Amino acid sequence: CGAAQAATPEDWPSFSEVYGLVRSNLTGVSEADFNRLAVKGLLDELKPLVSLVTSDTPASASPGATKLSKTTVYDEVYGYFRVASVSAGLAKELATAYETLSASNKLRGLVLDLRFTDGEEYAEAAAAADRFLSKEKPLLSWAGETARSTSKSDAWTMPVTVLINQQTAAAAEALAAVLRQTEVALLLGTTTAGQASLFKEFPLANGQRLKIAAAPIKLGDGQSLSGKGVTPDIQVNVNPEDEKAYFADAFKVLAKSGPRAAAGTNLLSGASGTNRPPRRRINEAELVRMQREGLDPDAEGDTVPGRAHGDSGKPVVTD
């Protein structure tokens, strides 16, 4: 196995030759099990560029469904947009939500939550990113098409944080990558799913479908996103149960049960997921510096059930 792993592409034997020899000579494995293992191994190795689609596979949001599942303001100055799906109409919904929030709040920053978000509309990902850009430039390209930002004087120029995780997929990955490449946003979370490609589906004899990446999605500089996830600027590791709990309730205080991020702090309030009083607000530059130096602004104290409260008695965002 070690020798096989070290082999160069030219050293590998023919797949059909190996498959034929193993299938003809291996004993103790039924035909059904052999077929299952061969298919599973192939799909696992080609993941996320190839996948099996079953009736249980979640479908993308319907055209009429809302694209933003939550919009609110935290700490009176930070606008929060949770994206349910990067699909047709997202850019328009973002614009409407921004106008609503900014009309009654003096916003100083924005949080775009792309955790658990997918979608297949790459043109819409570019259109959403365009809201943050004042100059024309290429944003995304695929299958001979290129989406560009437009020149404008009313772009949203305030600091932006984008939240991503392993279930940020497809067009949501492209949106996060564009906002980072154009220096609009800082990405926090974990590496995304790696499914930013144009896929084709092929029917199989058993009623399932094979989904194959047929064309890459590229950023404005030509960098391909296909087959690899988008890495965050700051890695924030949260165990799946806690992440879902925070996603459902940003104020929820949980006992520490999983790995903490090197820079695991609350960008909105400067308070961590504890019940101690809020500390001095930490800005993005300080957060990046602490990440690089291996410092943990949230190292002290433990969390307790309930909700954290600041000096004003207001709940503190702990997500």
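Structure first, text after, so check above.
Residues numbered from 1 in each chain as written. Predicted model: local features only at pLDDT ≥ 70, side-chain atom pairs only at ≥ 80, totals over all residues. Heavy atoms only, no water.

**Q** Even after reading the chapter, I still don't get helix 7 (residues 240–248), so can you show me in this structure?
**A** Along an α-helix, residues three or four apart share an orientation, since each turn contains 3.6 residues. Within helix 7 the residues assigned to the buried category are D242, E243, A245, Y246 and F247. Tucked into the core, helix 7 has its buried residues touching strand 3 (78–83), strand 4 (109–113) and strand 13 (252–253). (Buried < 20%, exposed > 50% of the residue type's maximum accessible area, 1.4 Å probe, protein only. Helix = DSSP H or I, 4+ residues; strand = E, 2+ residues; numbered from the N terminus. Contact = heavy atoms within 4.5 Å.)

**Q** In this structure, what is going on with the sheet that holds strand 11 (residues 218–219)? I would like to understand it.
**A** Backbone-to-backbone hydrogen bonds pair the strands of a sheet. The strands run either parallel or antiparallel. Taken in spatial order, the 3 strands of this open sheet run 6-5-11, and their pairing is antiparallel. Strands at the two margins of the open sheet, each flanked by one partner only, are strand 6 (145–148) and strand 11. As defined by bridge partners, strand 5 (residues 138–142) adjoins strand 11 across 2 bridges and the pair is classed as antiparallel. Residue S141 lies in a different strand from strand 11, and its bridge partner there is K218. (Pairing = 2+ DSSP bridges.)

**Q** Just checking my understanding: could you explain unusual backbone geometry for this structure?
**A** Glycine aside, residues mostly have negative phi, and peptide bonds are mostly found in the trans state. Cis rather than trans, the peptide bond between K47 and P48 has omega equal to 5 degrees. Note that P48 resides in the loop between helix 3 (31–46) and strand 1 (50–53). In this model, A143 sits at a positive phi of 45 degrees, which is unusual for a non-glycine residue. Relative to the helices and strands, A143 resides in the loop between strand 5 and strand 6. We note that E183 has phi near 60 degrees; this positive angle belongs to a residue other than glycine. Among the secondary structure elements, E183 is positioned in the loop between helix 6 (171–181) and strand 8 (185–189). For E183, a relative accessible area of 73% corresponds to the exposed category.

**Q** Before we go on, may I ask you to explain the side chain of D113 in this structure?
**A** By the secondary structure assignment, D113 is in strand 4. Looking at D113, its side chain comes within polar contact range of the side chain of R115, at 2.7 Å. Contact partners of D113, with chain neighbours within four places excluded, come to Y80, F81, R82, V83, L163 and F247. (Polar contact = N/O pair within 3.5 Å; in protein donor to acceptor, adjacent residues only side chain to side chain.)

**Q** Can you help me understand the packing of aromatic side chains in this one?
**A** What the rule picks out here adds up to 8 aromatic pairs. Summarising the aromatic geometry, the rings of Y74 and F251 are spaced 5.7 Å apart at their centres and angled 75 degrees between planes, so their arrangement reads as edge-to-face. In this pair, Y74 sits in strand 2 (residues 68–74) while F251 sits in the loop between helix 7 and strand 13, placing the two residues 177 residues apart along the sequence. Of the two residues examined, Y74 and F251, each falls in the buried class. Chaining the aromatic ring pairs together yields one cluster made of F15, Y19 and F34. (Phe/Tyr/Trp six-rings, centres within 6.5 Å; stacked < 30°, edge-to-face > 60°.)

**Q** Teacher, can you tell me more about the pairing of strand 4 here?
**A** Within a regular strand, the side chains alternate between the two sheet faces. Taking burial as the measure, the 5 residues of strand 4 include 5 buried ones, the bulk of the element. The side-chain alternation of strand 4 yields two buried faces, one formed by G109, V111 and D113 and the other by L110 and L112. As paired strands, strand 3 and strand 4 are joined by 5 bridges and run parallel to one another. Looking at the pairing, R82 lines up with D113 of strand 4. Since strand 3 and strand 4 lie parallel, the crossover through helix 4 (residues 90–104) that links them has a hand, and here it is right-handed. Taken together, the 4 bridges between strand 4 and strand 7 (residues 160–164) define a ladder with parallel strand orientation. The residue bridging D113 from the neighbouring strand is L163, located in strand 7. (Right-handed = clockwise from strand over helix to strand, strands pointing away.)

**Q** I tried to follow the nonpolar core on my own but got confused; where do I start?
**A** Note on soluble globular proteins: their nonpolar side chains tend to be buried together. F81, L110, L112, L140, V162, L175 and L179 are the most contacted members of the largest nonpolar core, which has 49 residues in total. Take this core: its biggest share by element is 8 residues, from helix 6. Non-local contacts of L110, meaning those with residues more than four positions away in its chain, are made with G79, F81, Y98, F132, W156, M158, P159, V160 and T161. In this structure, Y74, V111, I234 and A250 belong to the second largest nonpolar core, which totals 10 residues. (Core = buried A, V, L, I, M, F, W, Y, C linked by side-chain atoms within 4.5 Å.)

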